[in-house]
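# Per-entry structural report
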Amino acid sequence: MNRISYFLFLLFILVPAAIMAQTIHYSDFDREDDRDINFEIIGKMNNKILVYKNVRWKHKISVYDNTMKNLETIKIDFIPEKTFNFDFVIYPDFFYMIYQYQKKNILYCMALKMDDNGKKIGEPVTLDTSRISTLADNKIYTAISSDDRQKIMLFKIQARYQKMSMVTLLFDDQLRLIKKSRELKEYNDRKENYDNFSVANDGSFVFTYDKQTDNRENSNELSLVIKAPLADEFVYHKIELEKKYIDELNLKIDNLNNRYILNTFFYNKYRGNIEGLFTYIWDNGRAGKYAAEFAELYDTLRYEAKKDGQLRFAFNNFLIRQVVVKRDGGFILTAEDFSSQTRGYNDTYNRWDYLNNPNSLYSNSYYYNPYYGYYRPRNSYFNQSVRYYAENIVVFSISKEGKNEWSKVIQKDQFDDDDDNFLSFSTMNSGGEIHYLFNGDKKNQIISDQSLLPDGTIKRNPTLKSREKGYAFMPRLSKQVGASQIIVPCTYRGFICFAKIDF
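Here is a short report on the structure shown in this document. These figures come from a predicted structure and were not determined experimentally.

### Considerations on the nonpolar core
Membership of the largest hydrophobic core comes to 23 residues, with the highest contact counts inside it found for Phe-265, Phe-315, Leu-333, Val-394 and Phe-396. Secondary-structure elements contributing two or more residues to this core are strand 19 (259–267), strand 20 (274–283), helix 2 (299–305), strand 22 (318–325), strand 23 (331–343) and strand 24 (385–398). Sequence-distant contacts of Phe-396, that is, excluding residues within four places in its chain, are made with Leu-297, Leu-301, Phe-315, Phe-331, Ile-332, Leu-333, Asn-404, Trp-406 and Ser-407. In this structure, Tyr-96, Ile-98, Leu-127 and Leu-175 belong to the second largest nonpolar core, which totals 19 residues.

See the structure below:
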């Protein structure tokens, strides 16, 4: 083989490998950033990565460059001492930090515009205030934004004396108030649940309401609630369940097709076994139901989804994690086998205790509290030892009519004691495929990467492995910040740091 041929041979072998390679950059750790910290990855602006951190009453924003070198850490010392419930709405050149604080019996919800260096632009703006009683819950405000970030919805929910008050404030991207509305309803916190609060690009406020037959039972009444941008009325659209029962609900807004997509697993009797997947699609343009499908889960899928046990129990611990909408109105739904087992008190666990436990990733309540995807310091139920299990992933492709086109199973087997931050998975949507990322070894130092292609093919990609020892990844808490770039929190010697992975 001559030199030219040999060079071409090496080029043929090495170039594909280089294309497939991923690069990982780690941030340095701050000794204040131990595992008791709370954090949120704000996002990427002007080639800078911003991360909010909170340790007790100390708040700060760390700014990293494209190699995760810390450019500056800004102490947020210009806000009142006891400030809580931070929300962030990010734009290309700035972001809003929305926060709350209490002074005597007055609760303030504030917004501050900040630049890509974590510096404030102007002064804080008061969005709303509330008078609360001494013993009342002060975490009543939640801020959410539309997919295009042109609408910001601030809402507060207060429940007292079997009544619930909901106040909504709709703002544009300059924090100019568009509409303020209020609703007062009878409310039984043991049987009624409000959840999945979302705002569409046109400013419509959408959420779900379900009612249980008894405390901690499955729900058998379901409504989709819609408040038009300039309307005061909250319209409840009752959904026919055909004498079936549900528990966990997932609502996704399809802004491109002006539709609202609702999914839930269903039962034929309360406290029964999961029989299938219920999909309900609301066409907002026609102001009516577009599709409603009860799809039973067949035995072949049950056998593949659960490694052991009887087939009828196969989906009893599956939780809906994510819905990705396709351009044609169909969508990809991902569910995961996730459960917990309390040890020392009793050795049993079930879906209903898990969903209703205040320490779980999912907890039904009258205020919006999305546990999944947020870091939680090491904890346990009432000082008991808890083992968490995160097992197989099932992916469904659903047509725009709500019919199941195909389903695939991604095999994984994870567990951990008293800590679920290293379990479960995250996804990265690169346009042509969806990457499913999860820890593939017991030391959490290797990330498995399996891709879902448009035709349902599952492709195994090379694993992501740190060249440096001691880093443990938390893929569930990661955030995609670019077309092929993701920020993954990790730990190193007990401290929190962050890894930027370029695919």
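Still to come is the rest of the account.
### With respect to the pairing of strand 2 (residues 38–45)
Bridging between strand 2 and strand 3 (residues 48–55) involves 7 bridges; their strand directions are antiparallel. Considered in strand 3, the bridge of Gly-43 is made with Leu-50. The turn joining strand 2 and strand 3, which pair antiparallel and follow one another in sequence, is formed by 2 residues; a positive phi near 50° is taken by Asn-46.

### What about the sheet that holds strand 3?
Adjacent strands of a sheet form backbone hydrogen bonds with each other and so pair up, either parallel or antiparallel. The 4 strands lie next to each other as 2-3-4-5, forming an open sheet whose pairing is antiparallel. Because the sheet does not close on itself, it has two edges, and the strands there are strand 2 and strand 5 (70–75). With direction set aside, neighbouring strand axes in the sheet form an average angle of 20°. With 5 bridges connecting them, strand 4 (residues 58–64) and strand 5 associate as antiparallel partners. By the bridge assignment for strand 5, Ile-61 is matched with Ile-74.

### Concerning unusual backbone geometry
In this model, Asn-46 sits at a positive phi of 50°, which is unusual for a non-glycine residue. The phi dihedral of Lys-104 falls on the positive side, at around 60°, and the residue is not glycine. Along the chain, Lys-104 falls in the loop between strand 7 (94–103) and strand 8 (106–115). By relative accessible area, Lys-104 is classed as exposed at 76%.

### Some details on the side chain of Asn-250
Assignment of secondary structure puts Asn-250 in strand 18 (residues 245–254). Overall, Asn-250 belongs to the buried group, its relative accessible area being 14%. Each residue touching Asn-250, except ones within four places of it in the same chain, is listed here: Asn-196, Ile-261, Leu-262, Asn-263, Ile-320 and Val-323.

Parameters and conventions
- Residues numbered from 1 in each chain as written.
- Predicted model: local features only at pLDDT ≥ 70, side-chain atom pairs only at ≥ 80, totals over all residues.
- Heavy atoms only, no water.
- Core = buried A, V, L, I, M, F, W, Y, C linked by side-chain atoms within 4.5 Å.
- Buried < 20%, exposed > 50% of the residue type's maximum accessible area, 1.4 Å probe, protein only.
- Helix = DSSP H or I, 4+ residues; strand = E, 2+ residues; numbered from the N terminus.
- Contact = heavy atoms within 4.5 Å.
- Pairing = 2+ DSSP bridges.
- Axes fitted to C-alpha atoms, helices over the stretch in contact; angles between N-to-C directions.

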